[in-house]
Structure formats: C-alpha cells, structure tokens
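# Breakdown of the fold
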Amino acid sequence: MANSQAPTNASADHSTGQFEMVRRTPSRSLAGVVTDLIGFRELVPVYVRQSEAASLTVPLVISFGEPFAIGLSQAPGDNDRYASFASGLHTGPVVIDSFGRSCCVQVNFTPLGARRFFGIPMHELADRMVTLDEVLGPDGNALRERLGQETGWHRRLDLVESYIVERLAITASPAAEIAWAMAKITSSGGRIRIAAIASEIGCSRKHLAARFADQVGIGPKAVARIVRFDRTARLARNADQIDWADLAAECGYADQAHLVREFRELSGTTPTALLQKLN
C-alpha cells in the first residue's frame, strides 16, 4: 500500500472487520519528499478489486503478505503479481486486486522526492512496477527483513522513516528549475502554458521535457493534465451542484466533452461515476 524537529507525528488508526490501517503524516524533515506512510493488513480472505485514478504519487510498497495483482490501465493478468515494489507515475488508472491476505508498509513519495530517494532517472519507474531488489538492492531486502521482525505498525513506520531520512542525507536535492516548474504547474491548477515555463527557465520545450523525464518521470504537459484533473475532481466533490460545462471552463478544458475524455483516460470512468465512488 525518525528524528525530527516536529512533535510526535500525526497519525490515524483505522480498523474494520475486513482490514486494519495506520496512516502517518511524516516528520518535517521529509516535507516535500513523502506525503504519508501507511501500514495496512487485510483481516478477511476476501477478493477485492479497486481502481485508482492517475496521481502525482510514487508509491513504495514493502510487503509481508500475499502479493497484489496490479494492472496499469487494464485489469491485471495472471503474471501481474507484485509483493514489494515501487511504481512511477502513470497517466491512467491503476487496477488493483487483493485476495484478503495482504500485509504491507506503503510510503507515498512526491515525484521529486522519489527522484532524490531512489537516485535513478524517474523515467525508469514511469509506467512500470519495479521490484524492491531493482530499486534498493540489498538495502531494500535488509529493510524488509527488519520490518518483518517487528509486529507493531508504529514501530515499523518509525524504522521506515528513519531509513528514508538516513538515505536522503547522502543524496542530491532535485534540480531547482524543475522544482520551480512543478510548483508553477501545481499552483496554476495545470493551466499554465508549458512554453511559458520553458521560456522562463531559458530552455527549449524539448529540453524541458527531457529534464522532466529524468526528475519526474513524465513530461510537463502530462503533469499538468493530472493536476488539472485532480483540481476538477476536488472542486466537483465539494460543490453542492455541478454544472460540468462551467466547471470545464473554470478548470481550463476546451469544453465539457474534453473534460469527460480526460476523466476517462486518467481515471477509467466518467466524471459522475468517479464522484459517486469518491463520495
């Protein structure tokens, strides 16, 4: 699925008859690198399928239980089983099957945080599921074994957070111009022109795309699509009544049909169906 200047990390424990989950906000030292850390365990051997829309989250999953079956923009097949893995950005829905026996820690990185933590070009993770061995080598296996020896979720999350902090101490910060570009895209709701960003940085759009491939994994236009989609879904979810044509214009789509196409491509479903799922 650490040492800090901050007080005890905010966390939330949630348990139902079907699963237990602990979600933690990371310490301040991981601001801009990690959005949250999660401990998750299924309690009942029941098959569940879920679909997640495209997002700007790069997950690292360290498993102690049964693998998930995961398909990118399609239902997973018999060979799409993954236990401990990382996955880069994907501009489409992710379909996840679980079988009632999963147990894992999940760390959700920002794209630039993932680039710094893994220390590899992010295009090597984009649109892929990559095993723990491939991304962290022997260190990853040692971390998994250490976590597996613990039984409490909070202790596991402490160990993971400490490991991330220690690794970041010896890795380079993301490129300043790409961090600036990502911030501009996000603050504009995905509406800023990519040519304007390239001009401000002083490079060609082709060079900017290459830098994004290395630092983020996908191009700036694709990032803007996800940001715009996310903003639109959030506004729609918080609205008392939705006029999709007006919302399309407000969020930078050419028209309502364009909005619907983007929702289908990025989430695998219609805007209305996605809102029903989120609510």
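See the structure printed just above.
Positions within a chain are numbered from 1, following the residues in the order the chain's sequence is written. Where totals are concerned, whole chains, interfaces and linings use all residues; where local detail is concerned, this predicted model gives features only for residues with pLDDT of at least 70, and gives and counts side-chain atom pairs only at 80 or more. Based on all heavy atoms of the structure, the side-chain values leave hydrogens and waters out of the count.

## Things to note about the overall build of the protein
What counts as a helix is a DSSP run of H or I of at least four residues, what counts as a strand is a run of E of at least two, and both are numbered from the N terminus. Scanning the protein from N- to C-terminus turns up 10 helices and 11 strands. Radius of gyration: C-alpha atoms only; globule rule: 2.2 Å multiplied by the number of residues to the exponent 0.38. Taking 279 residues into account, the globule formula puts the C-alpha radius of gyration at 19 Å, and the protein, at 19 Å, falls close to it. Overall, the C-alpha framework of the protein stretches about 55 × 40 × 40 Å when taken along its three principal axes. Of the roughly 13,600 Å² that the protein leaves accessible, carbon and sulfur atoms contribute 47%. His is not counted here, nor are the chain ends, while Lys and Arg score as positive and Asp and Glu score as negative. A single reference atom marks each charge: NZ on Lys, CZ on Arg, CG on Asp, CD on Glu. Of note, the protein has its 30 positive side-chain charges centred 4 Å away from the centre of its 30 negative side-chain charges. Areas reported as accessible are Shrake-Rupley estimates using a 1.4 Å probe. Residue values count occlusion only from the protein chains shown.

## Side note on unusual backbone geometry
Although it is not a glycine, Ser73 sits at a positive phi angle of roughly 60 degrees. Counting through the fold element by element, Ser73 comes out in the loop between β6 (68-72) and β7 (81-82). Type-normalised accessible area, obtained with a 1.4 Å probe on protein chains alone, sets the label of each residue: buried when under 20%, exposed when over 50%, and partly exposed for intermediate values. Judged by its relative accessible area of 42%, Ser73 falls in the partly exposed class. Positioned with a positive phi, Asp127 is a non-glycine residue whose angle comes to about 60 degrees. Within the secondary structure layout, Asp127 lies in the loop between α1 (111-118) and β11 (129-131).

## Focus: the pattern of salt bridges
Pairs may arise between side chains of opposite charge once their charged atoms sit close together. We define a salt bridge as a contact between a side-chain nitrogen of Lys or Arg and a carboxyl oxygen of Asp or Glu at a distance within 4 Å. For the structure shown, the criterion picks out 14 salt bridges. A salt bridge links Arg41 to Glu20; the nearest nitrogen and oxygen atoms lie 2.9 Å apart. With Arg41 in strand β3 (residues 34-42) and Glu20 in strand β2 (residues 19-24), this residue pair connects regions lying 21 residues apart in the sequence. Residue Arg41 is classed as partly exposed on the basis of its relative accessible area of 34%. Between Asp158 and Arg24 there is a salt bridge; the shortest N-O distance is 2.7 Å. Of this pair, Asp158 sits in helix α3 (residues 153-168) while Arg24 is found in strand β2, placing the two residues 134 residues apart along the sequence. Under the relative-accessibility criterion, Asp158 is labelled partly exposed at 30%. For Arg24, a relative accessible area of 6% translates into the label buried.

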